[in-house]
Amino acid sequence: MGQDQTKQQIEKGLQLYQSNQTEKALQVWMKVLEKSSDLMGRFRVLGCLVTAHSEMGRYKEMLKFAVVQIDTARELEDADFLLESYLNLARSNEKLCEFHKTISYCKTCLGLPGTRAGAQLGGQVSLSMGNAFLGLSVFQKALESFEKALRYAHNNDDAMLECRVCCSLGSFYAQVKESMKIALQHGDRPLQALCLLCFADIHRSRGDLETAFPRYDSAMSIMTEIGNRLGQVQALLGVAKCWVARKALDKALDAIERAQDLAEEVGNKLSQLKLHCLSESIYRSKGLQRELRAHVVRFHECVEETELYCGLCGESIGEKNSRLQALPCSHIFHLRCLQNNGTRSCPNCRRSSMKPGFV
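Everything quoted here is computed from the prediction, not taken from an experiment.

Peer 1: Quick question: what am I supposed to make of the UniProt feature "coiled-coil region" (unreviewed entry) in the protein chain here?
Peer 2: Under the UniProt annotation, "coiled-coil region" (unreviewed entry) lies at residues 245–276. End-to-end, the C-alpha atoms of residues 245–276 are 17 Å apart, and along that stretch the chain is 84% helix and 0% strand.

Shown next, in the form of structure tokens:
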């Protein structure tokens, strides 16, 4: 079956599928898969089969075709096809509740350099990662992923993606609400504070600042009561983001300054890094170059102090989408740097690297 015939049969299958003749559509696509020698056509028909089986709830079949699609993408040697096929693999594992695998494949998607499809599919990758974190009850990372997905949706006017993100946020809200109920039943003040923070972050991500502000205030009160200074930093960071959304930049800077003092007291470099990053964006929008440079310098100092850089090439980790590799000794490097280094031991501490883990 040649390229033109393959294209015709794929279109025929799509017409059958859109007219709810699903089984007939699957039969047409399977024949294409068996008889076509056109790699591009095979890749496209595999995408159709992945989507159809996902919508039919046949997730094991979905996974099977996603694996075949990965192999086809590798034969095509195109980063855009790899991105699409890894996303399908992530979604398949998400449907099968293999959340750790979902996160791993999503990170692989984000680490693929120079893809044209990144702007269109990046939001879907973030959504899938958020759903996986939600499945693992890692609420903060789930919300961060959902917020990234929403930004993609707004920047690309993708109403369907926005709708899917909002559905996931509804599930997120329900889980946090259940956790809050348990916290109130047992008088667990730390858990109540964390739930309030999550509620506030959800409302902020939806643009409902009138509800977010009092939730942050309540979380701040409990965090202060129980002496959780890191929790106070998180609440103040959320308040600062709310003020930024309202374009009240001076009020945002006041909240950041209070949070920065607390972060320095507890020595939490990651929080300091986030606060300097937000300050940097505020001063850039205000056009204040001296203050902007100061926070850029402090941001990079925090990166160095937390060793968020590759021990081989010296580049900062996190500024670019690069695949990383963590060794058992906990030292982290770019995967490409380790592959080029040619040693079996850690370049930093010289311990045997044994089995590495991807991050």
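Peer 1: Can you help me understand the side chain of Gln124 in this one?
Peer 2: Mapping Gln124 onto the fold places it in helix H7 (residues 118–135). Beyond its immediate stretch of four places on either side in the chain, Gln124 contacts Leu87, Arg91, Leu161 and Arg164.

Peer 1: Explain the packing of aromatic side chains to me, please; I cannot follow it from the model alone.
Peer 2: When we look at a pair of aromatic rings, we describe it by the centre distance and by the angle of the planes. Taken as a whole and judged by the stated rule, the model has five aromatic pairs. Ring geometry for Tyr173 versus Phe199: centroids 4.9 Å apart, planes at 50°, classification tilted. Of this pair, Tyr173 sits in helix H9 (residues 159–186) while Phe199 sits in helix H10 (residues 189–205); the two residues are 26 residues apart in sequence, bridging distant segments of the chain. Each ring, one from Phe213 and one from Trp243, has its centre 4.7 Å from the other, and the planes form 50°; the classification is tilted. Of this pair, Phe213 sits in helix H11 (residues 209–226) while Trp243 sits in helix H12 (residues 229–245), placing them 30 residues apart in sequence. Considered together, Phe213 and Trp243 belong to a single accessibility category, that of buried residues. Above the face of the Phe65 ring, Lys64 is positioned so that its terminal group lies 5.0 Å from the ring centre. Over the ring of Phe199 we find Arg215, and its NZ or CZ is 5.0 Å from the ring centre.

Peer 1: Just to check I follow, could you spell out a negative patch on the surface for this structure?
Peer 2: On the surface, a cluster of negative charge is made up of Asp254, Glu257, Asp261 and Glu264. Along the chain, the position of Asp261 falls in helix H13 (residues 249–266).

Peer 1: Teacher, can you tell me more about H11 here?
Peer 2: Every α-helix winds through 3.6 residues per turn, so residues three or four apart in the chain are directed the same way. Taking 1.5 Å per residue, 18 residues should reach 26 Å; H11 reaches 26 Å between its end C-alpha atoms and fits that length. Every buried residue belonging to H11 is among Leu209, Ala212, Phe213, Tyr216, Ala219, Met220, Ile222 and Met223, and all of these are buried. Contact partners of the buried residues in H11: H10, H12 and H13. One or two positions beyond H11, positive phi appears at Gly227, with a value near 75°.

Peer 1: Quick question: what am I supposed to make of the side chain of Ser279 here?
Peer 2: Looking at where Ser279 falls in the secondary structure, it is placed in helix H14 (residues 269–286). When sequence neighbours within four positions are dropped, the list of residues in contact with Ser279 reads Ile256 and His295.

Peer 1: Please clarify how the environment of Ile70 should be interpreted in this entry.
Peer 2: Along the chain, Ile70 falls in helix H4 (residues 59–76). For Ile70, a relative accessible area of 5% puts it in the buried group. Expressed as a C-alpha distance, the spacing of Ile70 and Leu46, which sit 24 residues apart in the sequence, is 9.7 Å. Those residues in contact with Ile70, other than ones at most four positions away along the chain, are Ser85, Tyr86 and Leu89.

Peer 1: Mind showing me how you'd approach unusual backbone geometry here?
Peer 2: The phi angle of most residues is negative, glycine excepted, and most peptide bonds adopt the trans form. The phi dihedral of Asp157 is positive, around 50°, even though this residue is not glycine. Classification of Asp157 as exposed rests on a relative accessible area of 70%. A positive phi angle, near 65°, is found at Lys247, a position not held by glycine. Looking at where Lys247 falls in the secondary structure, it is placed in the loop between H12 and H13.

Peer 1: Looking at this structure, I do not really get the packing of H12 against H14. What am I missing?
Peer 2: Helix-helix packing: each pair is described by the crossing angle between the helix axes and the interaxial distance. For the pair H12 and H14, interaxial distance at closest approach is 11 Å and the crossing angle is 15°. When the axis of H12 is compared with that of H14, the two are roughly parallel. For the pair H12 and H14, the crossing hand works out as left-handed. The residues of H14 that touch H12, namely those facing Leu230, Val233, Leu237, Ala240, Lys241 and Val244, are Ser271, Lys274, Leu275, Leu278 and Ile282. Split by residue class, the contact of H12 with H14 holds eight nonpolar, one polar and two charged.

Conventions and cut-offs
Residues numbered from 1 in each chain as written. Predicted model: local features only at pLDDT ≥ 70, side-chain atom pairs only at ≥ 80, totals over all residues. Heavy atoms only, no water. UniProt positions renumbered as here; feature names shortened; annotations may be inferred. Helix = DSSP H or I, 4+ residues; strand = E, 2+ residues; numbered from the N terminus. Contact = heavy atoms within 4.5 Å. Phe/Tyr/Trp six-rings, centres within 6.5 Å; stacked < 30°, edge-to-face > 60°. Buried < 20%, exposed > 50% of the residue type's maximum accessible area, 1.4 Å probe, protein only. Lys NZ or Arg CZ within 6 Å of the ring centre and 35° of its normal. Patch = residues over 30% accessible without salt bridge, like charges linked within 9 Å, V, L, I, M, F, W, Y side chains within 5 Å. Areas by Shrake-Rupley, 256 points an atom, 1.4 Å probe, with all protein chains shown as cover. Salt bridge = Lys/Arg side-chain N within 4 Å of Asp/Glu carboxyl O. Lys, Arg positive; Asp, Glu negative; His and termini not counted. Charge placed at Lys NZ, Arg CZ, Asp CG, Glu CD. Expected span 1.5 Å × (residues − 1). Axes fitted to C-alpha atoms, helices over the stretch in contact; angles between N-to-C directions. Parallel < 35°, antiparallel > 145°, perpendicular 65-115°, else oblique. Left-handed = near helix turned anticlockwise from the far one by under 90°. Nonpolar A, V, L, I, M, F, W, Y, C, P; charged D, E, K, R; others polar.

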